[in-house]
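The primary structure of each chain is shown beneath.
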Amino acid sequence: MTTRRHFLRWGAFALPQFNLKNLLIEKPPVSKPVVVSTWDSGKTANNGAWPVLKSGGRALDAVEQAGIASENEQSCCVGVGANPDRDGHVTLDACIMDNQFNCGSVVFLERIKHPVSVARKVMETTPHVMLAGAGAQQFALANGFTLESDKLSADARKTYEHWLKKSAYKPVINVENGPKPRPSKKGNGPFAPSYFDDGSVNHDTMGTIALDSAGNLSGMCTTSGMAFKMHGRVGDSPIIGAGLYVDNEIGAVTCTGQGEEVIRMCGAHLVVELMRQGNTPQEACRAAVERIVKRDPERAKTFQVAFIALNKAGEIGAYSVQKDFTYTVTSNETPTTVLAAKR
Ligand code: ASP
């Protein structure tokens, strides 16, 4: 089983004499086409996207395939098998954006296996950008998607039952010196459900950004959001400008972490605008993280926010509030997971 903590520190083996700090900010060399996804579980997403990019296909098709591959996994945080909200419902959020500012989004969607594809349908066949809840499900069913079981997956049930013992809403996202995850024995995906002894749980979102051979950018984001959230809560991930933004003249950005903090700053849009001002993707991600932290530095010790950015030239950047944020890059057959620089 792969976990977020199994990663390659870029160059760590080639350059053992470098100190860790230098290694963390080393940028992976890339060439076009390229796809970048959040976390080491981004391997699954990138493996979905790569065949499209390799054969000269569109970044839009590639990122949709990335989302589908992630949603097919048994995972804590993406797709119908993910952790539920506090009332026991799995509610899914996803969005997609192409190289011409076309975008589509679904929020609070239940029992549909591929929210990313529903988001694409919203983008391509409706005059709207976002559909929510029962309306989004109705739209999905009318467009040939099928209704999945309303039962929790075995892993999600186990995690939920554990959480119910205390029912404390306590999101923990890779916080430094935080509790150690206790993986579910039944977990079989690359990001299998894990929970902590104090009842808190992991939350990860799959965000993917890609640059195709024609030089066009696209992105997608898919998630079940924060586990044990209030029923009806929607995070940053399906919000265009917060969890994802693509400006084909500048770059593409997505993120993971505490969605409320990202929404306040219009995170992904902010990073794109910082790149427009001449910052590298790395500098832009860092400046956005600093802005989020500045609002409340004390509180920022308790949450994670992490951005990944890809500019028009194929340069990649990433930066996170807390340690342990990884992202995965594919620019040839082999995905490589990189530990992001942190504040
Ligand atoms: N950003 C997601 C949300 O707030 C959660 C995550 O990325 O871990 O819903």
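I will try to describe carefully the structure that is included in this document. Residue positions are given per chain, counting from 1 as you read along its sequence in written order. Local features in a predicted model are, by the rule used here, given only for residues with pLDDT of at least 70; side-chain atom pairs are given and counted only at 80 or more, and totals for whole chains, interfaces and linings are based on all residues. Hydrogens and water molecules were not included; the side-chain quantities draw on all heavy atoms of the structure.

1. Some words on the state of the cysteines
Part 1: Two cysteine sulfurs form what is called a disulfide whenever their separation falls within 2.5 Å. For the structure on display, the rule yields 1 disulfide.
Part 2: Free cysteine Cys-95: the closest other cysteine sulfur is in Cys-221, separated by 5.3 Å.

2. Observations concerning the site of the ligand
Part 1: Near residues are defined by distance, with any heavy atom within 4 Å of the molecule or strand qualifying the residue. The ligand sits among 12 residues. The nearest are Thr-205, Arg-233, Asp-236, Thr-256 and Gly-257.
Part 2: Polar contact criterion, stated in full: a pair of N or O atoms within 3.5 Å, where within protein one must be able to donate a hydrogen and the other to accept it, and residues adjacent in sequence count only if both atoms are side-chain atoms. Gly-257 places a main-chain nitrogen or oxygen 2.7 Å from a nitrogen atom of the ligand.
Part 3: Within the backbone of Gly-259, one N or O atom sits 2.9 Å away from an oxygen atom of the ligand.
Part 4: Exposure was quantified through the Shrake-Rupley algorithm and a 1.4 Å probe, taking into account, for residues, occlusion by the shown protein chains and nothing else. Look at the ligand: alone it shows 270 Å² of surface, and the protein chains cover 100% of it.
Part 5: Following the grouping adopted for this structure description, the nonpolar residues are Ala, Val, Leu, Ile, Met, Phe, Trp, Tyr, Cys and Pro, the charged ones are Asp, Glu, Lys and Arg, and the polar ones are all others, Gly among them. Partitioning the shell around the ligand into residue classes produces 1 nonpolar, 8 polar and 3 charged.

3. Focus on the packing of helix H2 (residues 42–54) against helix H3 (residues 59–71)
Part 1: For helices, the axis comes from a line fit to the C-alpha atoms of the stretch in contact; other axes are also lines fit to C-alpha atoms, and the angle between any two N-to-C directions lies between 0 and 180 degrees. Strands here mean DSSP runs of E at least two residues long; helices mean DSSP runs of H or I at least four residues long; both are numbered from the N terminus. For the pair H2 and H3, interaxial distance at closest approach is 7 Å and the crossing angle is 150 degrees. Put simply, H2 runs roughly antiparallel to H3. In this structure, H2 meets H3 at a crossing whose hand is right-handed. Packed against H2, whose contacting residues are Thr-44, Ala-45, Gly-48, Ala-49, Val-52 and Leu-53, the element H3 presents Ala-59, Asp-61, Ala-62, Gln-65, Ala-66, Ala-69 and Ser-70 at the interface.
Part 2: For the contact of H2 with H3, the residue count by class is 8 nonpolar, 4 polar and 1 charged. In what follows, roughly perpendicular refers to angles from 65 to 115 degrees, roughly parallel to angles under 35, roughly antiparallel to angles over 145, and oblique to any angle outside these ranges. The sense of a crossing depends on the near helix, which, turned anticlockwise from the far helix by less than a right angle, makes the crossing left-handed and, turned clockwise, makes it right-handed. Contacts were defined at the residue level, with two residues in contact if any of their heavy atoms lie within 4.5 Å.

4. Some remarks on the sheet that holds strand E12 (residues 316–320)
Part 1: Taken in spatial order, the 5 strands of this open sheet run E9-E10-E11-E12-E15, and their pairing is mixed. Among the strands making up the open sheet, the edge pair consists of strand E9 (244–247) and strand E15 (341–342).
Part 2: Bridge analysis of E12 against E15 gives 2 bridges, and the strand direction is parallel. Looking at the pairing, Ser-320 lines up with Lys-342 of E15.
Part 3: Of the strands in this sheet, strand E11 (305–311), E12 and E15 touch helix H9 (residues 281–295), which is tilted by about 20 degrees from E12. Any two strands with at least two DSSP bridges between them are considered paired.

5. Here's the deal with the nonpolar core
Part 1: Formed by 49 residues in total, the largest nonpolar core has its most connected members in Val-36, Val-253, Val-271, Met-275, Phe-307, Phe-325 and Tyr-327.
Part 2: Residues belong to a common nonpolar core when they are buried Ala, Val, Leu, Ile, Met, Phe, Trp, Tyr or Cys residues joined through side-chain atoms within 4.5 Å. Only protein chains enter the accessibility calculation, which uses a 1.4 Å probe. A residue is then buried if its area is under 20% of the maximum for its type, exposed if over 50%, and partly exposed in between. Counting 31 residues, the second-largest nonpolar core is a separate cluster that includes Ala-45, Trp-50, Val-52 and Leu-53.

6. Considering the sheet that holds strand E13 (residues 326–330)
Part 1: Taking strand neighbours across the sheet as the criterion, the 8 strands line up as E4-E3-E2-E8-E7-E1-E13-E14 in an open arrangement whose pairing is mixed. Of all the strands in the sheet, the pair left with one neighbour each is strand E4 (130–132) and strand E14 (336–339). Strand-to-strand twist in this sheet, taken as the mean axis angle between neighbours without regard to direction, amounts to 15 degrees.
Part 2: Sheet contacts for H3: strand E2 (92–97), strand E7 (206–211) and strand E8 (217–223); angle to E8, the most-contacted strand, approximately 15 degrees.
Part 3: Running at roughly 105 degrees to E4, helix H5 (residues 133–142) makes contact with strand E3 (103–109) and E4 of the sheet.

7. Comments concerning the side chain of Asp-236
Part 1: Note that Asp-236 resides in the loop between E8 and E9.
Part 2: Despite being buried, Asp-236 has no salt bridge partner; Arg-233 is the closest side chain of opposite charge, sitting 5.3 Å away. When charges are counted, Lys and Arg are positive and Asp and Glu negative, with His and the chain ends excluded. Between Lys or Arg on one side and Asp or Glu on the other, a salt bridge is scored when a side-chain nitrogen of the former is within 4 Å of a carboxyl oxygen of the latter.

8. Considerations on the packing of aromatic side chains
Part 1: Each Phe, Tyr or Trp ring (for Trp, its six-membered ring) is paired with any other whose centre lies within 6.5 Å, and the angle between the two planes then decides the class: stacked below 30 degrees, edge-to-face above 60, tilted in between. Taken as a whole and judged by the stated rule, the model has 5 aromatic pairs.
Part 2: Between Trp-39 and Phe-325, the aromatic rings sit 5.0 Å apart at their centres with planes inclined by 80 degrees, giving edge-to-face as the arrangement. Remark: Phe-325 occurs in the loop between E12 and E13 and Trp-39 occurs in the loop between strand E1 (34–38) and H2; sequence separation between them is 286 residues.
Part 3: You can call Trp-39 buried: its relative accessible area is 0%.
Part 4: On the accessibility criterion, Phe-325 (0% relative accessible area) is buried.
Part 5: An angle of 15 degrees between the planes, with centres 4.5 Å apart, marks the rings of Trp-163 and Phe-228 as stacked. Residue Trp-163 is located in helix H6 (residues 154–164), and its partner Phe-228 is located in the loop between E8 and E9; the two are separated by 65 residues in the primary sequence.

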